[in-house]
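One letter stands for each residue in the lines below.
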Amino acid sequence: MTWSINSCFITLVVLFLWRVEDIAEACSCSPAHPQQAFCNADVVIRAKVVGKKVVEAGNDVYGNTIKRIKYDIKQIKMFKGPDRDIDAIFTAPSSAVCGVTLETNGNKEYLFTGKLETDGTMHVTLCDFIESWEAMSATQKKSLTQRYESGCKCKIIRCTSIPCTISAPEECLWTDWVMEKSHSGPQAQHFACINRSDGSCAWYRGIAPPKKEFLDIEDP
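This structure is a prediction, so every number in the text was calculated from the model and none was measured.

**Thoughts on the state of the cysteines**
In protein chemistry, a disulfide is the covalent bond that joins the sulfur atoms of two cysteines. Evaluation of the coordinates by the stated rule reveals six disulfides. Here C154 connects covalently by a disulfide to C201, the sulfurs 2.0 Å from one another. Sign of the S-S torsion, about -85 degrees for the bond between C154 and C201, identifies this disulfide as left-handed. A residue pair is termed long-range when its members are at least 10 positions apart, and C154 in the loop between α4 (147–150) and β7 (155–158) and C201 in strand β10 (residues 201–205) qualify at 47 residues. For C154, a relative accessible area of 11% puts it in the buried group. For C201, a relative accessible area of 6% corresponds to the buried category. Covalent S-S linkage joins C159 and C164, the inter-sulfur distance amounting to 1.9 Å. Disulfide C159-C164: torsion about the S-S bond near -90 degrees, hence left-handed. Accessibility expressed as a relative area gives 1% for C159, which makes it buried.

**Section: the UniProt feature "site: Involved in metalloproteinase-binding" (unreviewed entry) in the protein**
Residues given the UniProt feature "site: Involved in metalloproteinase-binding" (unreviewed entry) here are N40 and K67. With respect to the helices and strands, N40 occurs in helix α2 (residues 34–40). Beyond its immediate sequence surroundings of up to four residues, N40 is in contact with K80 and K115. Classification of K67 as partly exposed rests on a relative accessible area of 46%. With sequence-adjacent residues up to four places away left out, K67 is seen in contact with V54, V55 and P93.

**What to know about unusual backbone geometry**
In this structure, the amide linkage connecting I162 to the following residue, P163, adopts the cis form with an omega of 0 degrees. On the secondary structure map, P163 appears in the loop between β7 and β8 (171–174). One non-glycine residue, C98, lies in the positive phi region at around 70 degrees. Along the chain, the position of C98 falls in the loop between β3 (88–91) and β4 (109–116). In the Ramachandran plot, K181 falls in the positive-phi region, its phi being about 55 degrees despite a non-glycine side chain.

**So, the pattern of salt bridges**
Pairing between side chains of opposite charge can happen when the charged atoms of each approach one another. For the structure shown, the criterion picks out three salt bridges. Across the pair R46 and E109 runs a salt bridge, and its minimum N-O distance is 2.6 Å. With R46 in strand β1 (residues 43–59) and E109 in strand β4, this pair connects stretches of sequence that are 63 residues apart. A salt bridge links D72 to K70, with the nearest nitrogen and oxygen atoms 3.9 Å apart.

The rules behind these values
- Residues numbered from 1 in each chain as written.
- Predicted model: local features only at pLDDT ≥ 70, side-chain atom pairs only at ≥ 80, totals over all residues.
- Heavy atoms only, no water.
- Disulfide = S-S within 2.5 Å.
- Helix = DSSP H or I, 4+ residues; strand = E, 2+ residues; numbered from the N terminus.
- Buried < 20%, exposed > 50% of the residue type's maximum accessible area, 1.4 Å probe, protein only.
- UniProt positions renumbered as here; feature names shortened; annotations may be inferred.
- Contact = heavy atoms within 4.5 Å.
- Salt bridge = Lys/Arg side-chain N within 4 Å of Asp/Glu carboxyl O.

Structural data, given as structure tokens:
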């Protein structure tokens, strides 16, 4: 009976440690406004995914083989990045380590934001802004060509609870979560935080370029 109890105890300990390791490896990142994702990315492209395979990417400190998912893509347009086409993107093999799962039939168009590694390859994670092109708003699509870039010196502050405030004139308060309980609310869908002539920043809504002087949350 004692052996049986000890065996059960050891099994529970092993399961607990496995679960702790699983939690420790879980992917965690703070949501970002599409403009923040654009400004922080090395590469922003519109593309279709046409293939997928598992590749080796060296070894970790313990000598274990590191595996990555390679997605072959067909680039449609580059909004930010190197002066060449991107034909593949790489990601981790599991969502637990922020790996991304994509449709590979070549029918769905995506907007990808990601990092450019020293070897010239593009890597994406669940923390990057990756969205179906069809699901994006007209303002988001238009903002990729100029609007977001013009506001990269601004800082978007995510409001998670009331009250929340900005602490500097170059900040814009992002309230989608507290107002809509979603990070894809009106400010993410239709607004950009851009510089005004006095050096401060403010939310701007609309597809047309803003006037030299504009009010906060102004429609063109």
